[in-house]
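What follows is the residue order along each chain.
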Amino acid sequence: MNRREFTQLTAQAAGVSLFSGNIFIKQTEPDEIIGHGDHRYRVHRNWGQQDPSLVPVNNCHEMVQDSAGRLIMIGDETRNNVLIYDRSGKVLDTWGSAYPYGHGLTLWNAGGEEFLFICDNGFDGNPQVVKTTLDGQVVLRLPHPHEVGAYAESDAYHPTETAVGPNGDIYVADGYGSQWVLQFNAVGEYIRKFGGRGDEDHQFQTVHGVCVDLRDPGNPSLICTSRAHNAFKRFSLNGDYLSTIFLPGAYVCRAVIHGEMLYSGVCWSRLRYLNQTPDSGFVTILDKNDRVVSNPGGTPPVYENGVLQLMLQDEPIFNHCHDVCVDTDENLYVCQWNAGKTYPIKLERI
């Protein structure tokens with residue numbers, strides 16, 4: 001072993017990252033196990049870590065897995081809006097410089113051909129919802145709600161998420177704008193809107209995410225986030241309110257359906273009603289009956305007389321969990337917002 005090899009080895013053992021040209025040496029990490037019941041995970045804090053001088057990130061917003069097993073992540077760093085990982089944590093490709101507020105990422109399989117839907121919040125005055133190929137070629141751009149008569153000129157529009165229905169209809173959550181979910185057909189023609197800002201059952205406070213739930217084949221539905229309400233709200237595909245899933249203490253982001261389970265990043269815990277705790281967050285997992293079964297990084301879910309009790313961050317692993325991607329082996333990849341420009345964390349299912 002030469003001097004350089006010895007120095008690198010001892011630095012790794014001490015948990016230190018070294019840079020040498022284009023070589024990035026990942027830190028070692030403790031063997032942390034988090035989660036509850038049948039959903040427990042080994043934490044790999046440095047799984048997605050890269051040399052930020054070569055592959056920079058700002059906020060790691062959302063991630064999906066394509067049919068080839070690649071993990072595709074969107075962020076708001078315009079030197080590489082999109083990072084494409086393999087499951088070992090190696091970056092296979094990067095692209096994108098047109099999404100300064102890149103936020104939402106949805107994968108749609110159209111009969112074997114896969115597309116991405118990207119939401120850019122547009123705080124620079126240019127909100128965007130686009131459909132692209134997997135290598136970033138834009139094939140459809142949805143109109144601004146002002147253009148189709150859905151919004152008045154004074155209504156803010158800052159889209160955060162999309163979902164695609166069984167017939168190809170596109171649902172856009174205006175989570176940082178006027179709090180509507182807008183529905184378009186597959187070619188981008190406006191159909192309707194529902195929700196809006198408010199505290200009624202059918203209204204939202206931060207409709208941050210929207211997801212199509214096909215777990216009941218005869219009754220597909222939409223699961224929409226109402227983050228400041230600590231809730232998911234279920235709607236029909238035509239925008240009729242159906243029910244609320246109250247998750248006390250959890251400022252949830254978007255719902256992610258995998259198999260029979262629903263997963264979500266929790267961006268903040270809370271201590272009192274509508275009081276966010278800074279630099280907090282965890283992952284929450286619900287079964288097909290909308291019952292929380294595990295909170296990796298959070299307190300165990302407790303039900304008293306059938307009522308879910310307050311949930312909080314339990315371990316200081318995460319800062320502002322923004323999204324969860326579930327791979328084919330049910331490992332989780334957690335993207336974080338406002339977390340010191342950190343890369344995704346892997347949770348290995350055990």
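Our structure is the block above this text.
Right, let's walk through the structure included here.

About the cut-offs
- Residues numbered from 1 in each chain as written.
- Predicted model: local features only at pLDDT ≥ 70, side-chain atom pairs only at ≥ 80, totals over all residues.
- Heavy atoms only, no water.
- Helix = DSSP H or I, 4+ residues; strand = E, 2+ residues; numbered from the N terminus.
- Rg over C-alpha atoms; globule rule 2.2 N^0.38 Å.
- Buried < 20%, exposed > 50% of the residue type's maximum accessible area, 1.4 Å probe, protein only.
- Contact = heavy atoms within 4.5 Å.
- Lys, Arg positive; Asp, Glu negative; His and termini not counted.
- Salt bridge = Lys/Arg side-chain N within 4 Å of Asp/Glu carboxyl O.
- Polar contact = N/O pair within 3.5 Å; in protein donor to acceptor, adjacent residues only side chain to side chain.
- Pairing = 2+ DSSP bridges.
- Axes fitted to C-alpha atoms, helices over the stretch in contact; angles between N-to-C directions.
- Phe/Tyr/Trp six-rings, centres within 6.5 Å; stacked < 30°, edge-to-face > 60°.
- Core = buried A, V, L, I, M, F, W, Y, C linked by side-chain atoms within 4.5 Å.

1. As for the overall build of the chain
When helices and strands are counted, the chain shows one helix and 32 strands. Against the globule reference of 20 Å for 350 residues, the chain gives a C-alpha radius of gyration of 20 Å, in line with a compact fold. Each principal axis of the C-alpha atoms in the chain carries an extent, and together these give about 70 × 50 × 35 Å. Evaluated residue by residue, the chain yields a buried proportion of 55% over its 350 residues. Taking contacts inside the chain between residues at least 6 apart in sequence as the whole, the part at least 24 apart equals 45%.

2. Things to note about unusual backbone geometry
The phi dihedral of Asn-230 falls on the positive side, at around 55°, and the residue is not glycine. Inspection of the secondary structure assignment puts Asn-230 in the loop between β18 (221-226) and β19 (231-235). On the basis of relative accessibility, which here comes to 2%, the residue Asn-230 falls in the buried class. One non-glycine residue, Glu-330, adopts positive backbone phi at about 65°.

3. Structural notes on the side chain of Lys-233
Tracing the backbone through its elements, the reader meets Lys-233 in strand β19. Although Lys-233 lies buried, it forms no salt bridge, and the closest oppositely charged side chain, Asp-201, sits 5.4 Å away as judged by the N-O distance. Of the polar contacts made by the side chain of Lys-233, one reaches the backbone oxygen of Asp-201; its length is 3.0 Å.

4. Considering the sheet that holds strand β30 (residues 321-326)
The strand order across the open sheet built from five strands is β3-β4-β32-β31-β30, with neighbouring strands paired in antiparallel fashion. Only two strands of the sheet have a single partner each, and these edge strands are β3 (33-36) and β30. Each adjacent strand pair in this sheet contributes to an overall mean axis angle of 30°, direction not counted. Relative to strand β32 (residues 345-349), strand β4 (residues 39-44) runs antiparallel, the two sharing four bridges. Bridging from a neighbouring strand, Val-43 pairs with Leu-347 of β32.

5. A look at the pattern of salt bridges
For the structure on display, the rule yields 13 salt bridges. With a closest N to O distance of 3.6 Å, Arg-254 and Glu-62 form a salt bridge. Taken as a pair, Arg-254 in the loop between β21 (251-252) and β22 (256-258) and Glu-62 in strand β5 (residues 60-65) lie far apart in primary sequence, 192 residues in all. Here Glu-62 falls in the buried class, since its relative accessible area comes to 0%. Residues participating in the shared-partner salt-bridge network are Glu-62, Glu-161, Arg-254 and Asp-323.

6. Topic: the packing of aromatic side chains
Inspection of the entire model under this criterion finds 13 aromatic pairs. Relative to Phe-235, the ring of Phe-194 lies with its centre 5.1 Å away and its plane at 40°, an arrangement referred to as tilted. A residue pair is termed long-range when its members are at least 10 positions apart, and Phe-194 in strand β16 (residues 190-195) and Phe-235 in strand β19 qualify at 41 residues. The class of Phe-194 is buried, set by a relative accessible area of 5%.

7. Brief notes about the pairing of β30
Along β30, six of the six residues are buried, which leaves the element largely enclosed by surrounding structure. Following β30, the chain reverses through five residues before pairing antiparallel with strand β31 (residues 332-336); Glu-330 in that reversal takes a positive phi of roughly 65°.

8. Regarding the nonpolar core
Ranked by size, the top nonpolar core spans 17 residues in total, and within it Tyr-263, Ile-285, Phe-318, Leu-332 and Leu-347 carry the most contacts. Of all the secondary structure elements, the ones that give two or more residues to this core are β4, β23 (261-268), β26 (282-286), β30, β31 and β32. Discounting residues that sit within four places of it in the chain, Phe-318 has contacts with Ile-34, Asp-279, Ser-280, Gly-281, Phe-282, Pro-296, Gly-297, Gln-313, Val-334, Gln-336, Ile-345 and Leu-347. Leu-247, Ala-250, Leu-286 and Val-292 belong to the second-largest nonpolar core, a separate cluster that totals 15 residues.

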